[in-house]
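Residues per chain, in single letters:
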Amino acid sequence: MAERQAARDVIDYTRSDFPPDFQFGVAASSYQIEGSRFGGCGTSHWDTFAATPGNTARGEDGSVACDHYHRWPRDLDLVSGAGLDCYRFSISWARVLPEGTGKPNAEGLDFYDRLVDGMLERGIKPFATLYHWDLPAPLADLGGWRNRDIASWFADYTEVVGRRLGDRLAATAPINEPWCVAWLSHFMGHHAPGLRDIRATARAMHHVLLAHGRSIEAMRALGMRNLGLVTNFEYAAPADDSTEAKAAAHLYDGIYNRWFLDGVFKKAYPSEVLAGLGPHMPEGYEDDFDVIATPVDWVGINYYTRKLIAPDGTGQFPALKEVEGPLPKTLMDWEIYPEGLAFFMRRVHQDYAKGLPIYVTENGMASPDRLAGGKADDPDRIEFLNRHLAQVRRAIEEGIPIKGYIVWSLLDNYEWALGYEKRFGLVHVDFETLERTPKASWHALKGALAAG
């Protein structure tokens, strides 16, 4: 471990503290940074969700975002300038296929051609995600993730992208954070399409995995390699020692964490979750598990926080609620709990991946914006990274095959329904001028990766 020079201004580790093939990276997503009004991009359900009053903070949307569509060379220079090995980016379904199916948008495919080639020219490994939530609006009109046909639509889209880019991608995952795609968006209504419907949720929870499996099959058929599953995780702890709180936390864990891993690796869904969703599941869903369980080459862990869970007293599924916890929190009001990352690295390795490479594909925090005199200080983020990197290092020492750590995110960006207020970036973005200013955390990572 590198000797710590001053509190909260350096990364405690250097490259030499990790295996030689360990990948350090940074992540971003298409709708959050590109600018959906540019380059012939089609309308997505996030455009229409944001255009509906009350859905997003101040009515903000991703139509311009960080204008990464035009400013990508500068942004890739920021990735390479920090000495990072890989860039986890997403491809917009609506940009590639504005109608969701049919004729591709040449401008969109050309953009991703330039972007991938730009990474390779800078020595950056392209880690691609095919879907980070910007569903083409014409497919939303047909039911979106509620419609079983989405698995075929997604496989066709996968083939379009794979044929154009697949020979240059270092790693590819079909869908980012299926819990957000299905539960957060169809049961809680916080994200597009903004539904609060248990039947829609049950279908989306299943179809997102069916689409994942069909996409993996399509990429395998094209000869693509290094294909993975990326799910998000929250550590669910009971709010007290009661039997009821423990049962509520176990159910939350089943919905949020185990549903998607069980489907892919065990060809089954957690029984306690099916007790609530079962009556609303698609008929014959059990017949899809062979496709859902199409083998993957690695598993990605997106991790940010833990939640304290208690029963809500309603008796109506899922009959649970979140309780505010005592730990320090980010600006998202998320508790900072690095031990949860350790828990999930062990669980994924022992219970699911069983030897497959594991990447921490997202980890980061929203912290106060402190820009002054051309400097952007974010000591809280540096401390956050140090505490989570300590858990990654410990997991590697235990023999868990953790192969990379990817920070969310490269840039301050559009934080979905919360608009532009919550800043996760290693690089500050002035949303009036779109000027980029690397933060202290960017400089700290650069120093750590250059040392050792």
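Residues numbered from 1 in each chain as written. Predicted model: local features only at pLDDT ≥ 70, side-chain atom pairs only at ≥ 80, totals over all residues. Heavy atoms only, no water.

Enquirer: Before we go on, may I ask you to explain the overall build of the protein chain in this structure?
Expert: The number of helices and strands found in the protein chain is 15 helices and 13 strands. Over its C-alpha trace the protein chain gives a radius of gyration of 21 Å, about what one expects of a compact globule, namely 22 Å for 452 residues. For the protein chain, the spread of C-alpha atoms along the principal axes amounts to about 55 × 55 × 45 Å. Expressed as a percentage of its 452 residues, the buried residues of the protein chain come to 61%. If you take every contact in the protein chain between residues at least 6 apart in sequence, the share linking residues at least 24 apart comes to 76%. For the protein chain, the centre of its 47 positive side-chain charges and the centre of its 62 negative side-chain charges are spaced 2 Å apart. (Helix = DSSP H or I, 4+ residues; strand = E, 2+ residues; numbered from the N terminus. Rg over C-alpha atoms; globule rule 2.2 N^0.38 Å. Buried < 20%, exposed > 50% of the residue type's maximum accessible area, 1.4 Å probe, protein only. Contact = heavy atoms within 4.5 Å. Lys, Arg positive; Asp, Glu negative; His and termini not counted. Charge placed at Lys NZ, Arg CZ, Asp CG, Glu CD.)

Enquirer: Mind showing me how you'd approach the pairing of strand 2 (residues 86–90) here?
Expert: Along a regular strand, successive side chains alternate from one face of the sheet to the other. Counted residue by residue, strand 2 has 5 buried out of 5 residues, so it is predominantly covered. Side chains of strand 2 alternate between two faces, with C86, R88 and S90 and Y87 and F89 buried alike. Judged from the 3 bridges that link them, strand 1 (residues 23–27) and strand 2 form a sheet pairing that is parallel. By the bridge assignment for strand 2, A27 is matched with R88. (Pairing = 2+ DSSP bridges.)

Enquirer: Is there a simple way to explain empty space enclosed by the protein in this structure?
Expert: Taking a probe equal in size to a water molecule and rolling it over the atoms shows the remaining empty space. According to the stated counting rule, one finds 6 cavities of 30 Å³ or more in the structure shown. In this structure, the largest cavity spans a volume of roughly 60 Å³. Around the largest cavity, the lining comprises 14 residues; the ones closest to its centre are Y31, S36, C41, S92 and D134. Taken together, the elements giving at least two residues each to the lining of the largest cavity come down to helix 1 (30–33) and helix 4 (93–96). Of the residues in the lining of the largest cavity, the class split is 3 nonpolar, 7 polar and 4 charged. (1 Å grid on protein atoms, 1.4 Å probe; cavity = no way out; pocket = protein on both sides within 12 Å on 5 of 7 lines; lining within 4 Å. Points joined across faces, edges and corners; volume = space filled by probe spheres on them. Nonpolar A, V, L, I, M, F, W, Y, C, P; charged D, E, K, R; others polar.)

Enquirer: In this structure, what is going on with the confidence of the model for the protein chain? I would like to understand it.
Expert: Low pLDDT marks stretches whose predicted atomic positions should not be read closely. Averaged over all residues, the pLDDT of the protein chain is 97; the fraction at 70 or higher stands at 98%. Low pLDDT (under 50) marks residues 1–7, which in the prediction has 13 contacts with non-local residues, meaning those over four places away or in another chain. (pLDDT = per-residue confidence, 0-100.)

Enquirer: Could you clarify how one ought to interpret the side chain of Q23 in this entry?
Expert: Tracing the backbone through its elements, the reader meets Q23 in strand 1. In this structure Q23 touches D85, C86, K125, Y359, K403, G404 and Y405, once residues within four positions along its chain are discounted.

Enquirer: Explain the layout of surface pockets here, please?
Expert: When its volume is computed, the largest pocket comes out at roughly 630 Å³. Around the largest pocket, the lining is made up of 29 residues, and of these W179, L184, H191, M332 and W334 lie nearest the centre. Taken together, the elements giving at least two residues each to the lining of the largest pocket come down to helix 8 (178–186), strand 5 (228–238), helix 10 (243–266) and strand 6 (298–311). In terms of residues, the lining of the largest pocket owes the most to one element, strand 6, which gives 4 residues. The residue makeup of the lining of the largest pocket, split by class, is 16 nonpolar, 7 polar and 6 charged. Looking at the second largest pocket, its volume works out to about 270 Å³. Lining the second largest pocket are 16 residues, and of these W183, F187, M188, P318 and L320 lie nearest its centre.

Enquirer: Would you explain the environment of W93 in this entry?
Expert: Looking at the element boundaries, W93 is found in helix 4. For W93, a relative accessible area of 0% gives the class buried. For the pair W93 and P318, spaced 225 residues apart in sequence, the C-alpha separation works out to 32 Å. If sequence neighbours within four positions are ignored, W93 has contacts with G100, Y131, D134, L135, P136, L139, I150, W153, F154 and Y157.

Enquirer: Whenever I open this one, unusual backbone geometry confuses me. Can you help?
Expert: Negative phi values dominate among residues other than glycine, just as trans dominates among peptide bonds. For the bond running from A192 to P193, omega is 10 degrees, close enough to zero to count as cis. Its location among the elements puts P193 in the loop between helix 8 and helix 9 (198–221). Residue P318 follows F317 across a cis peptide bond; omega there is 5 degrees. Summarising the element assignment, P318 is placed in the loop between strand 6 and strand 7 (320–323). In this structure, D67 is a non-glycine residue whose phi angle is positive, near 50 degrees. Locating D67 in the fold gives a position in the loop between helix 2 (45–51) and helix 3 (68–81). For D67, a relative accessible area of 8% gives the class buried. Positive phi values are uncommon outside glycine, yet N226 reaches one of about 60 degrees.

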